[in-house]
Amino acid sequence: MQVDIAIVGAGLVGASFAASLARSGHSLALVETAAPPERTQQWDARIYALSPGNVAFLEGLGAWGAVDRARVCAVRTMRIFGDDGRSHMEFSAYEAGVNGLAWIVESGELQRALWRLLERQPNLSLVYPAMPAGLEAGDEAVTLRTDAGHSIRARLLVGADGAQSWVRREAGFDADAKPYGEKGVVANFACERPHRGVALQWFRADGVLAFLPLAGERVSIVWSTDDAHAGELLAMPSADFCARVSEAGQGTLGRLELLTPPAAFPLSLISSKAMARPRIALIGDAAHVVHPLAGQGVNLGFGDARALSAALRDRAAGRDPGDFLLLRRFERERAEDLLAMRLVTDGLQRLFRARNPWVARLRNIGLNLTDDLGVIKTILSRRAMA
């Protein structure tokens, strides 16, 4: 098979990138291990908070309109609490002049919407079930072989295959990886009291706990905590786990009833030293992984997809999509946002894990000070929403 662009990984970022390019006349091949599973009544424990800018991106693709509205919730307010029981900071959609600070959606629901969109693209070949098995990069093209016997020759190969990226490794990209010694414990609950579209986050001595509102009287949590505590939480009987989460959330939503079994994933900071080389580019978690305390991982990935697809669509007629100068421009465009988010998330993780009492006092003062400075809050919220 010969195409203009081959993409490895049909997760949210890879699928959105493919959908963005599908209407531009490029011939595409998308390699994935399997199609997304069919929808069930059970709520997906892996959820994302999408920025308004990325919701607009997905709307432009035609994917957002295919998402079941009964499974989407707008975040109208976000409240952040320090670990001294007094300091806090609040962001409001009303004050920011928008309908929502973010939109909470299940990973599986959005994945299925994107997949249905891809299935309708005549210039896109969906190659599944298949895993990449061999890679040869030449001056004129890259040849990708799969374990199912496919041979795909492309002028550009894009790796969107996650934190353990096969493309990153096989193409020889160097990456720095720093395990945090933490896991993100996730679960969904029915809640006794209405959340009213409010997202809550507590910086605690035992980690960072976030309550993210789901449609109806439901809430999803992400508790970023050290490995030992995560193991303790996962081993609890359901009733005890619900009680522990409710207590950690200061009883804000009353009694919690577990909807999905708790699960956990390891947390680390991963940064590829480059996102592009001749005929190969990395996007999403294949290029960068940040701590989830700011909820911006998938938003950064969508930003990569938007920037790379725009660079390829806007290139001069006849220009090679694998041209290294073109790919370098994409890499430079993303550098500032990625560096800023990496410094913020890693810095906050270090700051709130520090046990020095003076550091604790300063970080909590910082929360209150930022909350009092409306201009600073507006700048932060608008940057995140973009």
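Read on for an overview of the structure.

Reading the values: the criteria
- Residues numbered from 1 in each chain as written.
- Predicted model: local features only at pLDDT ≥ 70, side-chain atom pairs only at ≥ 80, totals over all residues.
- Heavy atoms only, no water.
- Salt bridge = Lys/Arg side-chain N within 4 Å of Asp/Glu carboxyl O.
- Helix = DSSP H or I, 4+ residues; strand = E, 2+ residues; numbered from the N terminus.
- Buried < 20%, exposed > 50% of the residue type's maximum accessible area, 1.4 Å probe, protein only.
- Pairing = 2+ DSSP bridges.
- Arc of directions from axis to C-beta.
- Contact = heavy atoms within 4.5 Å.
- Axes fitted to C-alpha atoms, helices over the stretch in contact; angles between N-to-C directions.

**Here we look at the pattern of salt bridges**
Where charged atoms from two side chains of opposite charge approach closely, those side chains can pair. Applying the stated criterion across every chain, the model contains 16 salt bridges. The shortest N-O distance in the salt bridge between Asp-4 and Arg-155 comes to 3.3 Å. Placement of the pair is Asp-4 in strand S1 (residues 2-8) and Arg-155 in strand S11 (residues 151-159), with a sequence separation of 151 residues. According to the relative accessible area criterion, Asp-4 is buried, its value standing at 18%. Across the pair Asp-206 and Arg-204 runs a salt bridge, and its minimum N-O distance is 2.8 Å. Classification of Arg-204 by relative accessible area gives partly exposed; the value is 25%. Via salt bridges that share partners, Asp-304, Arg-334 and Asp-337 belong to a single interconnected network.

**Topic: unusual backbone geometry**
Across the chain, the bulk of peptide bonds are trans and the bulk of non-glycine residues have phi less than zero. The residue after Tyr-128, namely Pro-129, is reached through a cis peptide bond having omega -10°. By the secondary structure assignment, Pro-129 is in the loop between strand S8 (124-127) and strand S9 (132-137). For Gln-250, which is not a glycine, the phi torsion comes out positive at approximately 60°. Tracing the backbone shows Gln-250 in the loop between helix H7 (238-248) and strand S16 (256-258). Not every positive phi belongs to a glycine, and Arg-279 is a case in point at roughly 70°. One can find Arg-279 in the loop between strand S18 (276-277) and strand S19 (280-282). Accessibility expressed as a relative area gives 7% for Arg-279, which makes it buried.

**Some thoughts on the pairing of S11**
Inspection of the sheet shows S1 paired to S11 by six bridges, in the parallel sense. Each bridged residue has a counterpart across the sheet, and for Ala-6 the counterpart in S11 is Leu-157. Relative to S11, strand S10 (residues 142-146) runs antiparallel, the two being bridged by four bridges. Within S11, the residue paired with Leu-144 across the bridge is Ile-152.

**Considerations on H7**
What H7 keeps buried is the set Phe-241, Cys-242, Val-245, Ser-246 and Ala-248. When H7 is viewed along its axis, its buried side chains cluster within an angular range of 165° and face the same direction. Opposite the packed face of H7, turned more than 90 degrees from it, sit the exposed residues Ala-239 and Glu-247. Packing partners of the buried residues in H7 comprise strand S12 (175-191), strand S13 (198-204), strand S14 (207-214), strand S15 (218-226), helix H6 (227-235) and S16. Note on H7: the residue one or two positions beyond its end, Gln-250, has a positive phi of about 60°.

**Regarding the pairing of S13**
Burial of S13 is extensive: six of the seven residues sit out of reach of the surface. Where strand S5 (residues 77-81) lies against S13, five bridges are found, and the strand directions are parallel. Residue pairing in the sheet places Phe-81 in a bridge with Trp-202 of S13. Counting the residues in the hairpin turn of S13 and S14 gives two residues.

**Here we look at the sheet that holds strand S3 (residues 47-50)**
To summarise the sheet geometry, strands pair through backbone hydrogen bonds and adopt either a parallel or an antiparallel arrangement. Read from one edge of the open sheet, three strands run S3-S7-S4, paired in antiparallel fashion. Two strands lie at the open edges of the sheet, namely S3 and strand S4 (72-75), each paired on one side alone. In this sheet, adjacent strand axes meet at a mean angle of 25° when their direction is disregarded. Relative to strand S7 (residues 102-106), S3 runs antiparallel, the two being bridged by four bridges. From the neighbouring strand, Leu-50 faces S7, where its bridge partner is Trp-103.

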